[in-house]
Every structure is written in C-alpha cells, then in structure tokens.
Amino acid sequence: MPALRNGIACLGPSLFASVAFCLGLVASSLCNFVELDSTNALQVNPIYNVRSIGFWCYESESGSRYEYNDLYENRWDDKFEVARSLGLTANCIGFVVWLIYLCAGCIKMPSPVFASIGCLCMCACMFEGFKLWIFRSTFFCDRGNGFGGCSLDTGARCTISAVVFWFVAMCMSSAHAVERTKSGEEDEEPAAEPEPEPEQPADAEKDAEAGEGEGEPKTEDT
C-alpha cells in the first residue's frame, strides 16, 4: 500500500474529521439532546412543560424552543455543567483539527504533524463522549429523586455518531504518520542540483589559444 500524502490522500481522514466536527456542533446547539419520559416531573408539571433538554435551550411540549432562564440555570448540577463544558472543549479541538486538514490540502506537512492530529482526534473523541455525562444529572433524570426517566434524543444520537467519526479520523491520521515513517519518505523537498556549465565549442577554444599566443611579446636573439 503506498504511503499517504498531502492533497487528495488527505481526503479520507479530513472527511471523517469534518463530519465529526459538524455533528458535534449540531449536538451542542440542539434543544432536544435528552428526551424526557411522559412520567417525568418536568414534563407533567405545567410550570415547566418541558419535552426535551439541550445544553443551552429546551423544547416544550408544544414544540417551541426557549433559551434557559434563571428558573433553570440555577437548578443545574455539576454533572450537567461538566457535560456542557467538555462539549465546548470537544468543539474547539474539532475546529483546530478541521483547520489543519484544510491547510493540508495546499501545504506539505511532515509526519509528526499527522501524529499530532491523531492525538487531537483522540482528545476530541473522549471529550465528545463526555457530553453523554448529561444523563448523570439528577435534575431531570431519575436518580432516586422521583423526577422520572429520560432517553436519547436527536442531539445524543449525533454525539454518538461524532464519537465514531472521531475515532476513525484518529486511526487514519495515525496510520498516515506511521506509514510515511516506515516508507522512509523525506518530508523536506529535495535540494536542487546545480546546473552544469555550458561547454565551449572547439573553434572558440582554438581562437582563445591563438589570441593568447599573439599577445605574448617576441624576444630577439642576441
């Protein structure tokens, strides 16, 4: 198998990384990350009337979406805040990886760069998975507090898909670096060979020798 190179060969890992980055952004911005069961207190109580929960907004039973106000922001526990913060971290790392692969289409990069990209993809994969830590929240999922159950919604499914795509991007980026190292491919451009000097024709050499002979002073014999 030939070694992967910049340009068209970066289409594979860059495609998976781009899809994972977009899925992560969608999952963080949706208002229906967690779907509440019909017995959940947040859905039954007319004061809340919540059908789905997101990181920054929620969706009511009627389908309308609202940003969180003080009624909700003051009730989130540490698990919800951790999931939201790590989700932002995953999105930031994903943007860096996407930007590097965007530049890799026109700039030649050495093997250690792709090894570093593999590490970034691994971090993005882990932080993206920590978004699901939201299900450990005791505010809207039943953890012995009588709130009722909750289940996966569109945002959570996008997160699971993003984790898979980040993992594949990590493997392909690491394979890129390893294979180039094994093949012994030089990352630097080869030095340009000096151009040979043009050869003078034979007639020009004879004329030059004749001119040198005429220019010598003649000595008289005594």
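Above this text sits the structure in question.
Small disclaimer: the values here were computed from a predicted structure and weren't measured. (Residues numbered from 1 in each chain as written. Predicted model: local features only at pLDDT ≥ 70, side-chain atom pairs only at ≥ 80, totals over all residues. Heavy atoms only, no water.)

Chemist: Which residues make up the nonpolar core, and what are the values?
Modeler: Counting residues in each nonpolar core, the largest one holds 21 residues, and the members touching the most others are Phe33, Ile53, Ile134 and Phe140. Taken together, the elements giving at least two residues each to this core come down to α1 (11–29), β1 (34–36), β2 (50–53), α4 (78–104) and α6 (154–182). In this structure, isoleucine 53 is in contact with Cys31, Asn32, Phe33, Val34, Leu36, Tyr58, Tyr68, Trp76, Phe80 and Phe140, ignoring residues within four places of it in sequence. Within the second largest apolar cluster, 16 residues are counted, among which are Cys121, Ala124, Ala169 and Met170. (Core = buried A, V, L, I, M, F, W, Y, C linked by side-chain atoms within 4.5 Å. Buried < 20%, exposed > 50% of the residue type's maximum accessible area, 1.4 Å probe, protein only. Helix = DSSP H or I, 4+ residues; strand = E, 2+ residues; numbered from the N terminus. Contact = heavy atoms within 4.5 Å.)

Chemist: Explain the environment of leucine 152 to me, and be specific about the residues and the numbers.
Modeler: You can see leucine 152 is positioned in strand β5 (residues 150–152). The exposure class assigned to leucine 152 is partly exposed, which follows from its relative accessible area of 35%. Separated by 118 residues in sequence, leucine 152 and valine 34 place their C-alpha atoms 5.3 Å apart. What leucine 152 contacts, discounting residues up to four positions off in sequence, is Phe33, Glu35, Phe135, Arg157 and Ile160.

Chemist: Account for the packing of aromatic side chains, naming residues and giving values.
Modeler: Remark: the centre distance and the inter-plane angle together describe each pair of aromatic rings, the angle taken between the planes. Across all of its chains, the model carries nine aromatic pairs by this definition. Between phenylalanine 21 and phenylalanine 95 the ring centres are 6.3 Å apart and the planes differ by 50°, which places this aromatic pair in the tilted class. Of this pair, phenylalanine 21 sits in helix α1 while phenylalanine 95 sits in helix α4, and the two are 74 residues apart along the sequence. By relative accessible area, phenylalanine 95 is classed as partly exposed at 40%. Here the aromatic cluster, defined as three or more aromatic residues joined through ring pairs, consists of Phe33, Phe55, Phe80 and Phe135. Over the aromatic face of tryptophan 56 sits the side chain of arginine 84, whose NZ or CZ is 4.4 Å from the ring centroid. (Phe/Tyr/Trp six-rings, centres within 6.5 Å; stacked < 30°, edge-to-face > 60°. Lys NZ or Arg CZ within 6 Å of the ring centre and 35° of its normal.)

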